[in-house]
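These are the residues of each chain, in order.
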Amino acid sequence: MTPAARLQTAIEILDAIAASAREGGPPADAIFAEAMRARRYAGSKDRRAIRAHVYDAIRVVRSAPASGRAAMLALVDADPALTELFDGTPYGPAPIAPDEPRAEPGLAAQALIDLFDPLVGESERDAMLARASLDLRANRIKATGDDLATFFPEGKAIPGAADGWRLPPETAAAQHPAYAEGRFEVQDAASQYASAALGAAAGAKIVDLCAGGGGKTLAIASFTGNAADILACDTNRARLQQLAPRAERAGATRIETRLLNPGQELDMLADWQGKADHVIVDAPCSGSGTWRRSPELRWRLTPARLDRHLADQAKLIGIGADLVAPGGKLLYAVCSIIAREGRAQVDEFLTQNPGWTADQDYLPRGIGRAAGRGFLLTPAHDGCDGFFLARLTRPC
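The following paragraphs examine the structure supplied in this document. (Residues numbered from 1 in each chain as written. Predicted model: local features only at pLDDT ≥ 70, side-chain atom pairs only at ≥ 80, totals over all residues. Heavy atoms only, no water.)

**Overview of helix H15 (residues 343-352)**
Here H15 has its buried residues at Gln 345, Val 346, Phe 349 and Leu 350. The buried side chains of H15 occupy one side of the element, clustering within an arc of 130° when seen end-on. The exposed residues of H15 that point more than 90 degrees off its buried face are Thr 351 and Gln 352. Where H15 is buried, its residues touch helix H14 (303-323), strand S9 (324-334), strand S10 (357-358) and strand S13 (387-393). (Buried < 20%, exposed > 50% of the residue type's maximum accessible area, 1.4 Å probe, protein only. Helix = DSSP H or I, 4+ residues; strand = E, 2+ residues; numbered from the N terminus. Arc of directions from axis to C-beta. Contact = heavy atoms within 4.5 Å.)

See below:
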C-alpha cells in the first residue's frame with residue numbers, strides 16, 4: 001500500500017470507530033482487527049502504519065468526530081507532515097479544501113473533565129493519553145521477579161510492585177516462551193497494586209465478584225501462593241471462560257468459576273453469604289483511568305452511560321458486602337478518575353452501612369494519594385493506569 005492509501009484506510013476505520021462509540025458498539029481494537037481481516041492485502045508494515053494513524057488521531061480528538069476525515073485533519077494540524085498525503089491519488093485521500101472542518105482537539109469534553117477527581121489537575125492531563133508501558137507480573141507459583149529480569153533485561157522494576165517488571169510500550173512479551181509456560185502475566189501496575197491491596201493470605205476464602213477474564217484473580221492466586229480458595233464470578237460468559245485456560249497455564253488450581261445471572265447474583269451466591277474473608281469488587285466503570293490504552297473511551301461516555309455505571313457499582317458493592325464475613329475485607333476498585341465512581345460511591349456505602357470502616361496504609365509507600373476514604377492512582381503520579389481503591393472492613 002502507498003502511504004496515501006494507508007492514510008485513507010485509517011480515515012475509513014476512524015469513521016467506523018466514531019460510529020461505534022456513539023452507538024455503544026464494539027471497541028476500537030475489535031473494529032481495527034475486523035478492518036484488517038477485510039484487507040488481507042495489507043502487509044505487516046501497512047497494518048502498523050495504519051494503526052499508528054488511527055490511534056494518533058484518536059488521541060488528538062477529544063470526542064467522537066463527525067467523520068474520520070475530520071479527525072485525521074485534526075491530526076494534520078498537530079503533524080503537518082501528513083498534509084502531503086492528501087494528494088488525491090488513487091486509493092488516497094482527496095486534497096484538503098480551504099477551511100475544511102476539523103474535529104476539536106483536546107483531552108476530553110469539558111463536561112467530562114469537570115467530573116474528574118479534584119486530585120487530577122491540569123498538570124496531570126498529558127500523561128492520561130501518553131502511550132502506556134507494558135507491565136508484567138511474575139507468577140509466584142512458577143517464577144520470581146528475578147526471572148523476569150533475566151527474560152527481559154531491557155526492563156526495570158516497577159516501584160512498589162513486588163513482582164512487577166516494566167517494558168517499553170508494545171513490547172511483544174507474550175511471544176516469549178515463558179509466557180506460554182505461565183511464568184508471568186501481562187498486567188498493568190495499577191491492577192497489581194489493587195490485587196495486593198486485598199491483603200489476602202494463604203488459607204483465605206476469597207471472592208472476585210467481577211472477575212472478567214481473571215487478571216486480578218490470577219494475581220491473588222499468585223500472591224497467596226496458590227494456597228487460598230478463590231471464587232471468580234462474572235455475568236459475562238465469554239469473558240469468564242477465558243479464566244480456566246489461563247489458570248491452568250499459571251498452575252492456579254484453587255480457583256472456582258461461577259457464571260451469575262444479572263439480577264440473581266445474591267441467590268446464586270447464597271452458599272458464600274457472610275463467609276468470605278476477602279471480596280474484591282472491580283466494578284464496571286467509565287474506564288477513564290485507561291485512556292492511555294483505550295483512548296476512544298473518551299468518545300463513548302455519555303451522562304446516561306455514566307449513570308448506568310454508577311447504579312451497577314452501588315449494586316455490586318452491596319452484593320459484595322453481603323458476602324463478607326464479620327471482620328472481613330471488601331476491596332472496591334474502579335479503573336476511573338471520576339469522583340462519582342470513586343470517593344462518592346464509598347462515602348455513600350459507608351453512610352448506608354454503619355459500622356463498616358475504611359482501612360488505611362494498604363498501598364506501598366509513595367503509591368496513590370488519599371481521595372476521600374480511599375486512594376487514587378493516576379498515570380502522572382504513579383506511572384500506571386488511573387484507579388480508585390478503597391478497602392473496607394465489616395464490623396465483627
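**Some points on unusual backbone geometry**
Here the phi dihedral of Tyr 91 falls at roughly 70°; this positive angle occurs in a residue that is not glycine. Secondary-structure assignment places Tyr 91 in the loop between helix H4 (68-78) and helix H5 (110-113). The exposure class of Tyr 91 is exposed, given its relative accessible area of 72%.

**So, the environment of Ala 132**
Within the secondary structure, Ala 132 sits in the loop between H5 and strand S1 (134-138). For Ala 132, a relative accessible area of 11% gives the class buried. Each C-alpha atom of the pair Ala 132 and Arg 293 lies 6.5 Å from the other, and the pair is 161 residues apart in sequence. In contact with Ala 132, other than residues within four places in its own chain, are Pro 169, Arg 292 and Arg 293.

**Remarks on the pattern of salt bridges**
The tally for this structure, following the rule as stated, stands at 30 salt bridges. For Asp 271, the salt bridge goes to Arg 258, with nearest N and O atoms at 2.8 Å. Here Asp 271, found in the loop between helix H12 (265-268) and strand S8 (276-282), pairs with Arg 258, found in strand S7 (residues 255-259); they are 13 residues apart in sequence, far enough to count as distant. What makes Asp 271 partly exposed here is its relative accessible area of 40%. A network of salt bridges, in which partner residues are shared, links Asp 188, Arg 292, Arg 293 and Asp 385. (Salt bridge = Lys/Arg side-chain N within 4 Å of Asp/Glu carboxyl O.)

**Re the side chain of Asn 226**
In this structure, Asn 226 sits in the loop between helix H9 (215-223) and strand S6 (229-234). Under the relative-accessibility criterion, Asn 226 is labelled buried at 17%. Sequence-distant contacts of Asn 226, that is, excluding residues within four places in its chain, are made with Ile 141, Ala 221, Gly 251, Ala 252, Thr 253 and Arg 254.

**Quick word on the packing of helix H3 (residues 44-60) against H4**
For the pair H3 and H4, the least separation of the axes is 9 Å and the interaxial angle reads 80°. When the axis of H3 is compared with that of H4, the two are roughly perpendicular. Between H3, through His 53, Asp 56, Ala 57 and Val 60, and H4, the contact on the second element is made entirely by Ala 71, Met 72, Ala 74 and Leu 75. Within the contact of H3 with H4, the residues separate by chemical class into six nonpolar, one polar and one charged. (Axes fitted to C-alpha atoms, helices over the stretch in contact; angles between N-to-C directions. Parallel < 35°, antiparallel > 145°, perpendicular 65-115°, else oblique. Nonpolar A, V, L, I, M, F, W, Y, C, P; charged D, E, K, R; others polar.)

**A closer look at the nonpolar core**
In this structure, Phe 116, Tyr 193, Leu 209, Ile 255, Val 281 and Leu 330 are the most contacted members of the largest nonpolar core, which totals 81 residues. Looking at which element gives the most residues to this core, the answer is H14, with seven residues. Among residues more than four places away in sequence, those in contact with Phe 116 are Leu 107, Met 128, Trp 291, Ile 337, Ile 338 and Ala 339. Among the nonpolar cores identified, the runner-up in size contains 32 residues, and Leu 7, Ile 11, Leu 14 and Leu 82 belong to it. (Core = buried A, V, L, I, M, F, W, Y, C linked by side-chain atoms within 4.5 Å.)

**So, the sheet that holds strand S2 (residues 156-157)**
Pairing is antiparallel across the open sheet formed by four strands, whose spatial order is S2-S3-S1-S4. Whereas interior strands pair on both sides, the edge strands pair on one side only; in this sheet they are S2 and strand S4 (184-186). As paired strands, S2 and strand S3 (residues 164-167) are joined by two bridges and run antiparallel to one another. Paired with Lys 156 across the two strands is Arg 166, which belongs to S3. (Pairing = 2+ DSSP bridges.)

**Examining the packing of aromatic side chains**
Inspection of the entire model under this criterion finds seven aromatic pairs. Between Phe 152 and Phe 184, the ring centres sit 5.6 Å apart and the planes meet at 90°, which makes this aromatic pair edge-to-face. One end of the pair, Phe 152, is in the loop between helix H6 (145-151) and S2; the other, Phe 184, is in strand S4, with 32 residues separating them in the sequence. Phe 184 shares its class with Phe 152; the two are buried. Their ring planes at 85° and their centres at 5.3 Å tell us that Tyr 362 and Phe 375 sit as a pair that is edge-to-face. Taken together, the residues span a long stretch of sequence, with Tyr 362 in the loop between S10 and strand S11 (369-371) and Phe 375 in strand S12 (residues 374-377) at a distance of 13 residues. For Tyr 362, a relative accessible area of 10% gives the class buried. A network of ring pairs unites the aromatic residues Phe 151, Phe 152, Tyr 179 and Phe 184 as a single cluster. Stacked on the ring of Phe 32, the Lys or Arg Arg 51 has its end atom at 5.5 Å from the ring centre. Here Arg 249 stacks its cationic end above the ring of Tyr 179, 4.5 Å away from the centre of that ring. (Phe/Tyr/Trp six-rings, centres within 6.5 Å; stacked < 30°, edge-to-face > 60°. Lys NZ or Arg CZ within 6 Å of the ring centre and 35° of its normal.)

**A short note on the pairing of S8**
The buried fraction of S8 is high, at six of seven residues. Pairing of strand S5 (residues 205-208) with S8 involves three bridges; the strand directions are parallel. Residue pairing in the sheet places Val 207 in a bridge with Val 279 of S8. In terms of strand pairing, S8 meets S9 through six bridges, oriented parallel. Paired with Ala 276 across the bridge in S9 is Val 324.

**Points about the side chain of Thr 290**
Residue placement: Thr 290 occurs in the loop between S8 and helix H13 (297-300). With a relative accessible area of 14%, Thr 290 lands in the buried category. If near-sequence neighbours (up to four positions away) are discounted, Thr 290 is found in contact with Leu 297, Cys 335 and Asp 385.

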